[in-house]
Amino acid sequence: MKKFLAALAMLAVFITSSIAFAAYEENIEDDANLGAIKKIAVAFPNYYKIEEAEPDIYDLARDIYNAGRFTSSREIVSYEDVASAIRRDTGIDIHSLDVVEAEKVYNQNVGRYADTYVITTVTNNSKRPWLFFYLYNAADSKLMYTYSIQSNVLDKSAKDYGKAAEDFFKQLDETAKKNLSKEERRLLEEKQKAARIYKRHVEKVTYKTGKDKVDMVRKK
């Protein structure tokens, strides 16, 4: 039987989440060892842009990657990096394939570059969007963890989709802590602290220079 953890948190989630008054729900598969995850690859989202303020699908994939890179204690691998690695190692350009075939090739090969991958589904056909994050084992494509989030202030925008992705990566880290030893928890918390410091540094660079934060940090 699946472990089921759910939280409908108004003010409580406001304290720990970047989106105020958010309601989130998470599900953990019985055999999933979230504490053992080292690399998370960002797979192509299930998403269709319907409003001008929303990002296009490639920008959404990039924003999910950046959200993880700035908040997660794990190493995050972008969709483009995996696509490039697959092209290098197999000669297959998944950008030239239809969506179904590209997903098939991605799933067959992503285990070379990460131990898990996350697929984001955005349901945006009503007033407020609902985002789902499905985390899979890259070795066998078995579902490990599901996180979904809604909010009365979550808009259909790149900014809010990015914040929702940050909440996913943060909650994944918090949930993973529960089954770790004291020493493993300490190491995870150190990684989380380093990720937060890195994010603050990047935001400070952007504020002072007005230049692209990722490129500025890479040059240092």
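Coordinates for the structure precede this section.
A short tour of the structure in this document, coming up. (Residues numbered from 1 in each chain as written. Predicted model: local features only at pLDDT ≥ 70, side-chain atom pairs only at ≥ 80, totals over all residues. Heavy atoms only, no water.)

Digging into the nonpolar core
Within soluble globular proteins, side chains that are nonpolar generally end up buried alongside one another.
In step 1: The biggest cluster of nonpolar side chains holds 30 residues, and the ones touching the most others in it are Leu34, Ile40, Leu131, Phe133, Leu135, Tyr145 and Phe168.
In step 2: Of all elements in the fold, only strand 2 (22-28), strand 3 (39-42), helix 2 (57-71), strand 5 (116-123), strand 6 (130-137), strand 7 (143-151) and helix 5 (158-177) reach the threshold of two or more residues within this core.
In step 3: With 7 residues, helix 5 is the largest single contributor of residues to this core.
In step 4: Other than its neighbours up to four places away in sequence, Leu131 contacts Thr121, Val122, Tyr147, Ser148, Ile149, Leu154, Tyr161 and Ala164.
In step 5: Grouped together as the second largest cluster of nonpolar side chains are 19 residues, Ala41, Val110, Tyr113 and Tyr117 included. (Core = buried A, V, L, I, M, F, W, Y, C linked by side-chain atoms within 4.5 Å. Buried < 20%, exposed > 50% of the residue type's maximum accessible area, 1.4 Å probe, protein only. Helix = DSSP H or I, 4+ residues; strand = E, 2+ residues; numbered from the N terminus. Contact = heavy atoms within 4.5 Å.)

Comments concerning helix 4 (residues 99-109)
For an α-helix the count is 3.6 residues per turn, leaving residues at separations of three or four pointing the same way.
In step 1: Among the residues of helix 4, Ala102, Val105, Tyr106 and Asn109 are the ones counted as buried. Considered in projection along helix 4, the buried side chains sweep an arc of 100 degrees and stay on one side of the axis. Opposite the buried face of helix 4, by more than 90 degrees, sit the exposed residues Val100 and Gln108.
In step 2: On the buried face of helix 4, the contacting elements are strand 3, helix 3 (79-90) and strand 5.
In step 3: Of the residues flanking the start of helix 4, the one acting as N-cap is Asp98, its side-chain oxygen 3.2 Å from the backbone nitrogen of Val100. (Arc of directions from axis to C-beta. Polar contact = N/O pair within 3.5 Å; in protein donor to acceptor, adjacent residues only side chain to side chain.)

Thoughts on unusual backbone geometry
In step 1: At Ser141, a residue that is not glycine, the phi angle is positive and equals roughly 60 degrees.
In step 2: Within the element layout of this structure, Ser141 appears in the loop between strand 6 and strand 7.

Concerning the packing of aromatic side chains
In step 1: Scanning all chains against the criterion turns up 14 aromatic pairs.
In step 2: Between Phe44 and Tyr79 the ring centres are 5.1 Å apart and the planes differ by 40 degrees, which places this aromatic pair in the tilted class. Placement of the pair is Phe44 in the loop between strand 3 and helix 2 and Tyr79 in helix 3, with a sequence separation of 35 residues.
In step 3: Residue Tyr79 is classed as buried on the basis of its relative accessible area of 7%.
In step 4: Chaining the aromatic ring pairs together yields one cluster made of Tyr24, Phe133, Tyr145, Tyr147, Phe168 and Phe169. (Phe/Tyr/Trp six-rings, centres within 6.5 Å; stacked < 30°, edge-to-face > 60°.)

Remarks on the environment of Asp63
In step 1: Counting through the fold element by element, Asp63 comes out in helix 2.
In step 2: Taking the C-alpha atoms as reference points, Asp63 and Ser78, 15 residues apart in sequence, are found 9.7 Å from one another.
In step 3: Every residue in contact with Asp63, bar those within four places of it in the chain, is listed here: Pro55 and Ala158.

Things to note about the packing of helix 3 against helix 4
In step 1: With their axes 11 Å apart at the nearest point, helix 3 and helix 4 run at an angle of 80 degrees to one another. Our classification of the angle between helix 3 and helix 4 gives roughly perpendicular. Counting all contacts with helix 3, which are made through Tyr79, Val82, Ile86 and Thr90, the residues of helix 4 involved are Val105, Tyr106 and Asn109.
In step 2: Grouping the amino acids of the contact of helix 3 with helix 4 by side-chain chemistry returns 5 nonpolar, 2 polar and no charged. (Axes fitted to C-alpha atoms, helices over the stretch in contact; angles between N-to-C directions. Parallel < 35°, antiparallel > 145°, perpendicular 65-115°, else oblique. Nonpolar A, V, L, I, M, F, W, Y, C, P; charged D, E, K, R; others polar.)

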